[in-house]
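Residue-level listing of the chains:
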Amino acid sequence: VQLVESGGGLVQPGESLRLSCAASGFTFSSYHMRWYRQAPGKERELVAAITGGDGSTDYSDSVKGRFTISRDNAKNTVYLQMNSLKPEDTAVYYCHARLGLRRYWGQGTQVNVSS
């Protein structure tokens, strides 16, 4: 099982980034997928989620209206489109897959928002 995140980097406030998480080794379409983030000195927090069934989405209040989670089951990939980025969005972003008791994490990708 692998979850490999990509797309992080350094951007200025107000700019956009799209994170990708490529999955392998499990039945991706069945799994609920999430993006978490962890800033230095802070606990890991849930940012966005998308179900494995009907693709329903949910967001934390801090990113609602700016971030969009989506998935392409044909490519076994989940995305996080991040717009209007703020310095407080700076964190390591992690991809997470869950189905029942099965839980998998990616290694994370760093996002830095700074002028």
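Heads up: these notes are all about the structure in this document. Quick caveat, the model's predicted, so the values are computed rather than measured.

1. Side note on the state of the cysteines
Working step 1: If you walk through the whole model with that rule in mind, you get 1 disulfide.
Working step 2: A sulfur-sulfur separation of 2.1 Å characterises the disulfide bridge that pairs Cys 21 with Cys 95. With the S-S bond torsion at -80 degrees, the cross-link from Cys 21 to Cys 95 turns out left-handed. Of this pair, Cys 21 sits in strand S3 (residues 17-24) while Cys 95 sits in strand S9 (residues 91-99); the two residues are 74 residues apart in sequence, bridging distant segments of the chain.
Working step 3: Classification of Cys 21 as buried rests on a relative accessible area of 0%.
Working step 4: Since its relative accessible area comes to 0%, Cys 95 is described here as buried.

2. Topic: the environment of Ser 60
Working step 1: By the secondary structure assignment, Ser 60 is in the loop between strand S6 (57-59) and strand S7 (67-72).
Working step 2: Take Ser 60: its relative accessible area is 16%, and that puts it in the buried class.
Working step 3: For the pair Ser 60 and Val 47, spaced 13 residues apart in sequence, the C-alpha separation works out to 5.2 Å.
Working step 4: When neighbours within four sequence positions are excluded, Ser 60 is seen to be in contact with Leu 46 and Val 47.

3. Brief notes about the sheet that holds strand S1 (residues 2-6)
Working step 1: Strand order in this open sheet of 4 strands is S1-S3-S8-S7, and the pairing throughout is antiparallel. Of all strands in the sheet, those with a lone pairing partner are S1 and S7, marking the two edges. On average, each strand axis in the sheet is tilted by 15 degrees relative to the strand beside it, whichever way the strands run.
Working step 2: By the bridge criterion, 5 bridges tie S1 to S3 in an arrangement that is antiparallel.

4. Brief notes about the packing of aromatic side chains
Working step 1: What the rule picks out here adds up to 6 aromatic pairs.
Working step 2: When the centroid spacing of 4.9 Å and the interplanar angle of 55 degrees are considered together, the rings of Tyr 36 and Trp 105 count as tilted. Here the residue Tyr 36 occupies a position in strand S4 (residues 32-38), and Trp 105 occupies one in strand S10 (residues 102-105), the gap between them amounting to 69 residues.
Working step 3: Overall, Trp 105 belongs to the partly exposed group, its relative accessible area being 39%.
Working step 4: Members of the aromatic cluster, joined through ring pairs, are Phe 26, Phe 28, Tyr 31 and Tyr 104.

Each value, and the rule that gives it
The residue count restarts for each chain, going from 1 along the sequence in the order it is written. Where totals are concerned, whole chains, interfaces and linings use all residues; where local detail is concerned, this predicted model gives features only for residues with pLDDT of at least 70, and gives and counts side-chain atom pairs only at 80 or more. Each side-chain value is worked out from all heavy atoms of the structure, with water and hydrogens disregarded. When the sulfur atoms of two cysteines come within 2.5 Å, that pair is taken as a disulfide. Strands are runs of DSSP state E lasting at least two residues, helices are runs of H or I lasting at least four, and both sets are numbered from the N terminus onward. Only protein chains enter the accessibility calculation, which uses a 1.4 Å probe. A residue is then buried if its area is under 20% of the maximum for its type, exposed if over 50%, and partly exposed in between. The contact criterion used throughout is that any non-hydrogen atoms of two residues lie within 4.5 Å. By the convention used here, strands pair only if DSSP detects at least 2 bridges between them. Axis lines are fitted to C-alpha atoms, over the contacting stretch for helices. Their N-to-C directions set the angle, which ranges from 0 to 180 degrees. Each Phe, Tyr or Trp ring, with Trp reduced to its six-membered ring, pairs with another whose centre is within 6.5 Å; inter-plane angles below 30 degrees give stacked pairs, above 60 give edge-to-face pairs, and intermediate values give tilted ones.

By themselves, these figures tell us nothing about what the structure is for.
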